[in-house]
Each structure stands twice: as C-alpha cells, then as structure tokens.
Amino acid sequence: MPQLALHDSLTRRTAPFVPLDPANVRVYYCGPTVYDLAHIGNLRAMLSADILVRLLRALYPTVTFVRNITDVDDKINARAAERGIPIAELTKGTIADFHADLKALSVLPPDKEPRATDHVGEMIVLIARLVQSGHAYAADGHVLFQVAHFADYGALSGRDPDELRAGARVEVAGYKRDPGDFVLWKPSTPELPGWESPWGRGRPGWHIECSAMAHRYLGESFDIHGGGDDLLFPHHENERAQSLCGWPGSGFARIWLHNAMLLVDGEKMSKSLGNFYTVREILEEHPAEALRLLLLGTHYRSVLNFTREGLAEARRTLDRFYRAIERSAPAPGAPLPPAFLDALCQDLNTPGAIAVLHRLAEAALAGDRAAGAGLRAAGGLLGLLQADPSDWFQAGLDAVAVEQAIAARLAARKARDFARADAIRAELLADGVVLEDGPSGTSWRRA
RNA sequence: GGUCCGGUGGCAGAGUGGUGAUGUAGCGGACUGCAAAUCCGCGUAUGUGGGUUCGAUUCCCGCCCGGACCUCCA
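### What about the overall build of chain A?
The helix and strand tally for chain A stands at 16 helices and 15 strands. Along the first, second and third principal axes, the C-alpha atoms of chain A reach 90 × 50 × 35 Å. With 447 residues in all, chain A has 49% of them scored as buried. Of all intrachain contacts in chain A linking residues separated by at least 6 positions in sequence, the fraction that spans at least 24 positions is 74%. Each charge class in chain A was averaged separately, 48 positive and 56 negative side chains, and the resulting centres sit 4 Å apart.

### Let's talk about the pairing of strand 1 (residues 5-8)
In strand 1, alternate side chains face the same way, and those of Ala5 and His7 on one face and Leu6 and Asp8 on the other are all buried. Sheet topology places strand 1 next to strand 2 (residues 13-16); four bridges connect them, and they run antiparallel. Bridging across to strand 2, Asp8 finds its partner in Arg13.

### Structural notes on empty space enclosed by the protein
According to the stated counting rule, one finds two cavities of 30 Å³ or more in the structure shown. Approximately 90 Å³ is the volume attributed to the largest cavity. As for the largest cavity, its lining consists of Arg44, Leu47, Ser48, Ile51, Leu295, Leu296, Thr298, Tyr300, Leu348 and Thr350. Put simply, the parts of the chain that give the lining of the largest cavity at least two residues each are helix 1 (40-59) and helix 9 (288-296). If you tally residues by element for the lining of the largest cavity, the top one is helix 1, at four residues. Split by residue class, the lining of the largest cavity holds six nonpolar, three polar and one charged. There is about 30 Å³ of room inside the second largest cavity. Every residue lining the second largest cavity is listed: Ala38, Leu43, Met46, Phe98, Asp101, Leu102 and Val279. Per-element accounting of the lining of the second largest cavity gives the leading share, three residues, to helix 3 (residues 87-104). Taken together, the residues of the lining of the second largest cavity break down into six nonpolar, no polar and one charged.

### Regarding the protein's contact with RNA strand B
Surrounding RNA strand B, one finds 41 residues, the nearest of these being His207, Lys268, His299, Asp422 and Arg425. Near-protein atoms of RNA strand B (within 4 Å) split between backbone and bases, with sugar and phosphate holding 58%. Taking Asp437, its main chain carries an N or O atom lying 2.9 Å from a base nitrogen of RNA strand B. When residues of the surface near RNA strand B are traced back to their parent elements, those giving at least two are helix 5 (161-166), helix 6 (206-218), helix 10 (308-326), helix 12 (350-365), helix 15 (399-414), helix 16 (418-430) and strand 14 (433-438). It is helix 10 that provides the largest number of residues to the surface near RNA strand B, a total of five residues.

### Focus: the sheet that holds strand 8 (residues 202-204)
The strands that make up a sheet are held in pairs by hydrogen bonds between backbone atoms, and each pair lies either parallel or antiparallel. On the basis of which strands lie adjacent, the open sheet formed by four strands has the order 5-6-7-8 and antiparallel pairing. Looking at which strands have only one partner, the edges of the open sheet turn out to be strand 5 (136-139) and strand 8. Taking the axes of each pair of neighbouring strands and ignoring which way they run, one obtains an average angle of 20° across the sheet.

Rules used throughout
- Residues numbered from 1 in each chain as written.
- Chains lettered and ligands numbered in written order.
- Predicted model: local features only at pLDDT ≥ 70, side-chain atom pairs only at ≥ 80, totals over all residues.
- Heavy atoms only, no water.
- Helix = DSSP H or I, 4+ residues; strand = E, 2+ residues; numbered from the N terminus.
- Buried < 20%, exposed > 50% of the residue type's maximum accessible area, 1.4 Å probe, protein only.
- Contact = heavy atoms within 4.5 Å.
- Lys, Arg positive; Asp, Glu negative; His and termini not counted.
- Charge placed at Lys NZ, Arg CZ, Asp CG, Glu CD.
- Pairing = 2+ DSSP bridges.
- 1 Å grid on protein atoms, 1.4 Å probe; cavity = no way out; pocket = protein on both sides within 12 Å on 5 of 7 lines; lining within 4 Å.
- Points joined across faces, edges and corners; volume = space filled by probe spheres on them.
- Nonpolar A, V, L, I, M, F, W, Y, C, P; charged D, E, K, R; others polar.
- Near = heavy atom within 4 Å.
- Polar contact = N/O pair within 3.5 Å; in protein donor to acceptor, adjacent residues only side chain to side chain.
- Axes fitted to C-alpha atoms, helices over the stretch in contact; angles between N-to-C directions.

If you want it as structure tokens, here you go:
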C-alpha cells in the first residue's frame, strides 16, 4: 500500500498521513446549513470529503466519517419566515433534497450525520466549561469567546490577532471586550428557536456546534477536519480555539483540509450574474456521473472553473471509458492499479488518477481485459463507472423502435440504396441516436 | 487596505531544479459506401521583470492579473 500524503492547512505543508489510531481513522467535515438547495459549489466540498473517505477506506480497516447538518441559523429563520412555513418544515425538506442530490452524485453517506438542534445540550456543556475556565464571558445575554485568552488564535488561518483587530471593518457590538471575540450563545426571541441555558433562553453561535458534535462522535482528538476554504476563517479558526480551550491538552483535529472554491465561466458564482447553478438544475440536463467526473478533474486545492463545455467533455470521456469497460467482463475484486492509487495518495490527486484511467481505457480498448477490470475498479473508488454500459449508452431510449429502424437501414444498405440508409440514420440522429457500424453489425447509443 | 492561494498549449488540467502528464479541440492518415467508434502521426504552453544555480516552469524578490477570507453583519 502506498503512503498517503495530505496537505495540512495549519502547517501549509504536505506530509505523510499517520492516523492517531490506525484501527479507526476519524474524519469530520462541515456539512450544509439547510436553508436552500445545494449548489455545485457546495457539492465540491462534499465530493472532496467523499474521495478522501473512499480512499481512507481502501487504506485502513475502519473509518468514522462525521458530517454535520446545521439546522439552526439566521439564514434558516429568515428563509422560513419569507416562505411562511415552520422552520422544521424548511429544514426537513432541505435535508431530504440534499440527501437526494448527494445520492444522485454517488456521494456516500457519512457514518454519523448529527444535527445541531439535537446537540444543544453538548454545546451548553462546552460553553459552560469555557466560561468556567475563563476563556469565555457572559455579557448582555450573550456568551462570547475571549480571543485574547487563546495564544494560538490565528494560527490556522494565518492571521495576526492584532491585525484582525485593526482591520475590523464592521461596527463592533458594544458587549464585546475585544472586536475579535465571537458569539458562543446568543439570546433568542419568543418566535425564534431557543433553548433554556444558564444564560437564559437562547440559541448557539455557529462555530460551537461543530466543536460539540466533533467531540461527541470523534473524541477530543481526531485525524482530519475539512471543509471549503471559505470556512477557514472565521469558522474553523474559532472552532479550533473553542475546542483546544475546552479540552486543554487535546489535539483537536490533527490535519485540516480545505478545498478551493469553484468559478462558473471564470467568474464567481452568484445569483446576480445569472451563473448560479443548483445541483438539481445541472442534473436535469446532464448525467450525474458527468458532473462528478468534471468536478474530480481539478485538484481539490485548485480553483475549479465550471463550464457547460466542460460538462459535455466529461460526458464524452465517460462514453470512452464505458466503451472500454464494455469490452471486458466485470471482475469484482479486481485490484486497484498501483499508479492509480499512487496518484490519489499524493494529496488526493484526482486529475492524476483520471489520467491513469485514460491509460487503462486505451489498453482495454486494445483488448487488455485486466486493464478493463482495473478501469472499473479504479472508477469504483472514484464513484464512477459503476453503471451497466448498455444503460449508460441506451437508457431512456426506445430500443425496439431503434432496432426496427436499424433493420430497415440494413435492408437499404444491402440494396445499396445509401441515400435511404443515410436518411434513416439522419432521422435517428435527430432523435438523439447515433449508429455505429462494426464488423459484427450495427450498434447504437444516445448522442 | 490587510492576510492567504493561484497564473502551464485554443480550451480543460497534472507533475517536476535537467528532453513539459493526460484529455479535448485543430490538422493529416488508416478503417468505413459515407459516417460513428477505434487506431497512427503532427503542431501549439509554463503572466512579466530581476535574482540564486552549470541549468529555473519548479526556489527567492518586485510587478501585473485572477480568486478566497477580513468575525453572526448588511
């Protein structure tokens, strides 16, 4: 087995991954705030985690993967009010949509998917610990984390606390001792979700939930914590501060992974630019597998430029891969090609791994059955190429009608009436069917 | 303004202190009645100016360009 190396945001270096407990590798990723449909940028983070966990499962006997759901948040409250529905209805529906989208993309479910609202008790316990140890203070109905009491604050995101203070561009709430102090607990109004606490009825701040849930399911120290790099600051910086102060001497996350953002047509995805895509919108027009391949075609730490052309290209690439697989019978348990695993072990180099897939496809098309089996096995680790090739090429089309047209065309060709044969082929193409004449007859697929 | 990340062929996108992957697009060819698929061949790239080095795309500095973040807040 090759040695896995990962790039740690804290040290800004790529280093060999050494699990705390090789018998149980523990991973935490920040999941969605459930107020709206997932977009392709959200998907990228979920996919990065998915590849990491799939690879870890290939390398280690047991992996515990926790990905939370944030179901208490101001954006949720606002959206529910806007739509005139109860908060619980909004979050329930959004979670169901989220799960459906991820399933379509072959993103495997986490082992634990804790919801913030189910863990407010743990959060209150942690906040109380922080207050007791002097790292947090209550003021004006809020409880705030005192940044000045954590010497290592800023280390993860590479920020100098003094500069953060000087650069504060937002008016600072009067109850804060320091502009950098952040909310652990805040008061709630009667209409909004709230829980009784030593500081009155209120609701948790954003960061505290991940600290509490990671601790509950993974312990004081665990191996990997990840998310989009927009979460690096303040979310992860604050989470780290809370956890390291709440459980002094613990390591919290040993390695931090952050995926880069996604651009659409070279620009930031935004609703005002009209280039904002939900996962669902893309899936209406393209196979989920093409979207998955496209997103894996860029290394997770590089900015990914999403285009429609790229999506079409990914689909054509899959056509070729499925052609290669079609030539060799499924071989369950086929070993993963070493070059493929090596690429993934180099900080999850999915583009490099896909390049190996191309080489395997070339060999498989030339008749190498082992390469075909290796291609399917490697594709499986990436969550690709698991469909039946005939489904990939022909699903959703009327096979009987196509076969009849092919028979008619064959008759015309035998009679050397090529004008008629070509007309039939053109009609099929207009219906989205491409014909391929080979030595063993004519086969067909969707365009 | 501050901090951080990045700029590779038409496009997408890796690796690397010593002949620059892979895909796609383009061109030529084989195969085909013609296509499609497949196969063979060809061409084009390291933003810019310095520095270190025998040698820099890779390491260092400046500049230009792109992106993220700048704390529950619009």
